[in-house]
Amino acid sequence: MKILFFHHNDYLSNGIPGGIAALSAVLKQAGHEVDIFDTTFIKTEEQPESSAGKQGIYLPTEYTLEDLVKDDPVQNIEEAFLKKINSFSPELIAVSVMTGYYDEVIKILENVKPKAKILVGGVHSTISPEDALRPEVVDFICIGEGEALLTELCDHLERGKDYTKLLNLGYKKDGKMFLNEPRPFINLDELPVPDWSIFDKRHLFRPFMGRVYKGSFYVMSRGCPMSCSYCVNISLSDKLKNCGKYFRFQSAATTVFQLRSLKETYGATWFKFADDSLTYMSEAYLEELAEGLKPLNIQFGCSIRPESVNARKIELLKSMGCVAASVGVESGSMELRKKVLNRHMTDQQIENAVRTLREAGIRVSTFNMIGLPGETREDVFKTINFNRKLNADAANVYIIYPYPGTPISERYKVNFRDKEGNLIPVSEASSFHLSMMPPEEVEGLLKTFNLYLKLPEDMWMNIKKAEGSDESANSMFKKLKEYSLTVK
Ligand code: B12
Ligand code: SF4
């Protein structure tokens, strides 16, 4: 059977999505024909600024991702999608989508009106299955892991068999929605090597410290043992509670085998582990992984949960090729971290984690959120000052988005759809107005967060002027940003 994946992604936000790569591999193993329509490299008229230049951790490289797309024609996404459908003639369109982009994706599907059946999977259809199945254009949804359902559904559709009992499936019949139970989790060691071959090769562009490497995301675990109040992991583990152990990882031998294969097949030597934290693994597991990975001579970046760090684990990560790590700070206010975010690590633990990583020669970037429930401007400055103290190599900041099913969305009674039923996009997260600050102030702090981090305090008066959105604020912002690039 012919299956066309639809990967709707931000322009130039490159990196191969682990979900589609895993699904494509199992489909091919079962003898199906697979292709993809991917918006990552589609240059449109109304192109938003790409995220490629924003990654502060990377020094300038000989060539950039923008250089790689400079000769590409300007296209219309829907026309390009239709062209792909007409040339490939899929029988099933398999869509992977996150909550914040759901309506945008549905609108494209409605305008393109493919004849093929449409199956939607990913985080949103798992945490909010009714919402995902509601649009008329959607025939099926996948609740939870897709590998087994997708192959079974293709087989059933191809042979005209009754698919209505398939576990993990949501479908409609006579205008009614049916949501079947999810099935037990799959054994991660039985999965084939992720299929990167269907993706545009520019997804492998990985700049790091002034050099361009080849590589992409890789994931060796599923789930997370923590329960941060803003994270979809809580709702995922709840929805999938009868499926087996929620947090699990594949054996070190499988990881080594698959990474070797990706290196040999695609020349990949730089990976970004998409796992929630590599330091959740035991020292014994990391030792085995290090033994297997050292001869591969790869480099990688990963995420680290601060309180799971110890010097031995970092030494092991370093020895197997870790060169960059992201540490979740989220807020510099310990009270907000504890009471609102359900993150119980101390400042000391975060400081220790960052210091241990940096002493091992690993570049560190922090992850932060603003616009938190009850947060004041002073709290945001606690986060700014804490980051200044940590002195990491880069800091990322987002406005909190209350995803459906998370304790934050329930406690503060916020819905990702407004009264008219329109989805609030990730770019408008400040409009949830969870903090004590007006949304414009949160937007202004988002814009200037890194200036406050980088520039001396005697310039903060000017940075405050740059927080606004009028012409004079924007011109001040531009000047300060240019200046900040000259500061070491
Ligand atoms: C790597 C990653 C990215 C990468 C790659 C994206 C991708 N699609 O893989 C990048 C950097 C691009 C990214 C961007 C964003 N991300 Co992100 N990302 C992740 C991360 C860390 C790993 C994803 C992964 O590889 N998982 C492993 C694979 C195997 O699982 P999976 O993708 O869920 O796929 C399985 C099932 O869901 C299902 N499935 C998935 N798609 C389909 C399709 C079909 C047809 C079927 C049948 C099944 C199916 O089957 C798969 C295999 O079992 C997850 C956290 C996590 N651990 O999952 C966050 C996560 C998915 N991201 C998240 C968010 C919020 C974002 C951003 C909005 C962040 C931001 N503020 O900009 C953007 C949105 C980008 C966009 N335009 O859509 C949230 C999503 C929350 C939500 N409710 O939607 C997550 C869950 C993080 C979190 N804990 O909050 N992300
Ligand atoms: S540690 Fe990260 S992935 Fe795990 S629950 Fe918290 S935010 Fe989610």
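Residues numbered from 1 in each chain as written. Chains lettered and ligands numbered in written order. Predicted model: local features only at pLDDT ≥ 70, side-chain atom pairs only at ≥ 80, totals over all residues.

Q: Looking at this model, I keep getting lost on the sheet that holds strand S15 (residues 322-330). Mind explaining?
A: What holds strands together in a sheet is hydrogen bonding between their backbones, with the strands either parallel or antiparallel. Strand order in the open sheet formed by 6 strands is S10-S13-S14-S15-S16-S17, with parallel pairing between adjacent strands. In this open sheet, the two strands that pair with only one neighbour each are strand S10 (217-218) and strand S17 (394-399). With 3 bridges connecting them, strand S13 (residues 270-273) and strand S14 (residues 299-304) associate as parallel partners. Each residue of the ladder has a partner; that of Lys272, found in S14, is Gly301. Its contacts with the sheet put helix H13 (residues 347-359) on S14, S15 and strand S16 (363-370), and the angle it makes with S15 is roughly 165°. (Pairing = 2+ DSSP bridges. Helix = DSSP H or I, 4+ residues; strand = E, 2+ residues; numbered from the N terminus. Contact = placed C-beta atoms within 7 Å. Axes fitted to C-alpha atoms, helices over the stretch in contact; angles between N-to-C directions.)

Q: It is not clear to me how the site of ligand 2 should be interpreted in this structure. Could you clarify?
A: If you check the shell around ligand 2, you find Cys224, Met226, Ser227, Cys228, Cys231, Asn233, Asp276 and Arg305 and nothing else. Across the shell around ligand 2, the residue classes tally to 4 nonpolar, 2 polar and 2 charged. (Near = placed C-beta within 6 Å. Nonpolar A, V, L, I, M, F, W, Y, C, P; charged D, E, K, R; others polar.)

Q: What is the right way to look at helix H11 (residues 311-319) in this model?
A: Given 3.6 residues per helical turn, the α-helix brings residues three or four places apart onto the same face. Of the positions making up H11, those classed as buried are Lys313, Ile314, Leu316 and Leu317. One side of H11 carries all its buried residues, which in axial view fall inside an arc of 160°. Residues of H11 that are exposed and point over 90 degrees away from its buried face: Ala311 and Arg312. (Buried ≥ 20, exposed ≤ 12 C-beta atoms within 10 Å, placed from the backbone. Arc of directions from axis to C-beta.)

Q: Is there a simple way to explain the packing of helix H9 (residues 252-266) against helix H10 (residues 283-293) in this structure?
A: Packed helix pairs are specified by the crossing angle of their axes together with the interaxial distance, meaning the distance between the axes. Across the interface, H9 lies against H10 with an axial gap of 9 Å and an inter-helix angle of 25°. Relative to H10, the element H9 lies roughly parallel. Between H9 and H10 lies a crossing of right-handed hand. For the pair H9 and H10, the contacting residues are Ala252, Ala253, Thr255, Val256 and Leu259 in the first and Tyr285, Glu288, Leu289, Gly292 and Leu293 in the second. Of the residues contributing to the contact of H9 with H10, the split by class is 7 nonpolar, 2 polar and 1 charged. (Parallel < 35°, antiparallel > 145°, perpendicular 65-115°, else oblique. Left-handed = near helix turned anticlockwise from the far one by under 90°.)

Q: Any chance you could explain the sheet that holds strand S3 (residues 92-96) here in plain terms?
A: A sheet is described by the order of its strands in space; here 7 strands give the open sequence S2-S1-S3-S4-S5-S6-S7, paired in mixed fashion. Two strands lie at the open edges of the sheet, namely strand S2 (33-38) and strand S7 (176-179), each paired on one side alone. Neighbour-to-neighbour, the strand axes of the sheet open up by a mean angle of 20°, direction not taken into account. Pairing geometry for strand S6 (residues 169-173) and S7, over 4 bridges, is antiparallel. Paired with Gly170 across the strands is Leu179, a residue of S7. Relative to the sheet, helix H3 (residues 77-88) contacts strand S1 (2-7) and S2, its axis offset from that of S1 by approximately 165°. Seen against the sheet, helix H7 (residues 147-159) touches S1, S3, strand S4 (117-121), strand S5 (140-142) and S6 and runs at an angle of roughly 160° to S3.

Q: Would you explain the domain arrangement of the chain in this entry?
A: In terms of domain boundaries, the chain breaks down into domain 1 (2-179) and domain 2 (215-454). Computed from C-alpha coordinates alone, the two centres of domain 1 and domain 2 are separated by 25 Å. Listed by partner, the interface residues are 14 residues for domain 1 and 24 residues for domain 2. At the level of secondary structure, the elements contributing two or more residues to the side of domain 1 that touches domain 2 comprise helix H4 (102-112) and helix H5 (123-127). Considering every element that reaches the side of domain 1 that touches domain 2, the biggest residue donor is H5, with 3 residues. Grouping the amino acids of the side of domain 1 that touches domain 2 by side-chain chemistry returns 5 nonpolar, 8 polar and 1 charged. (Domains from an automatic or database assignment.)

Q: Whenever I open this one, the environment of Val426 confuses me. Can you help?
A: Tracing the backbone through its elements, the reader meets Val426 in the loop between helix H15 (407-411) and helix H16 (439-454). With 25 residues separating them in the primary sequence, Val426 and Tyr401 have C-alpha atoms 6.8 Å apart. Ignoring sequence-local partners within four residues, the contact set of Val426 consists of Gly100 and Tyr401.

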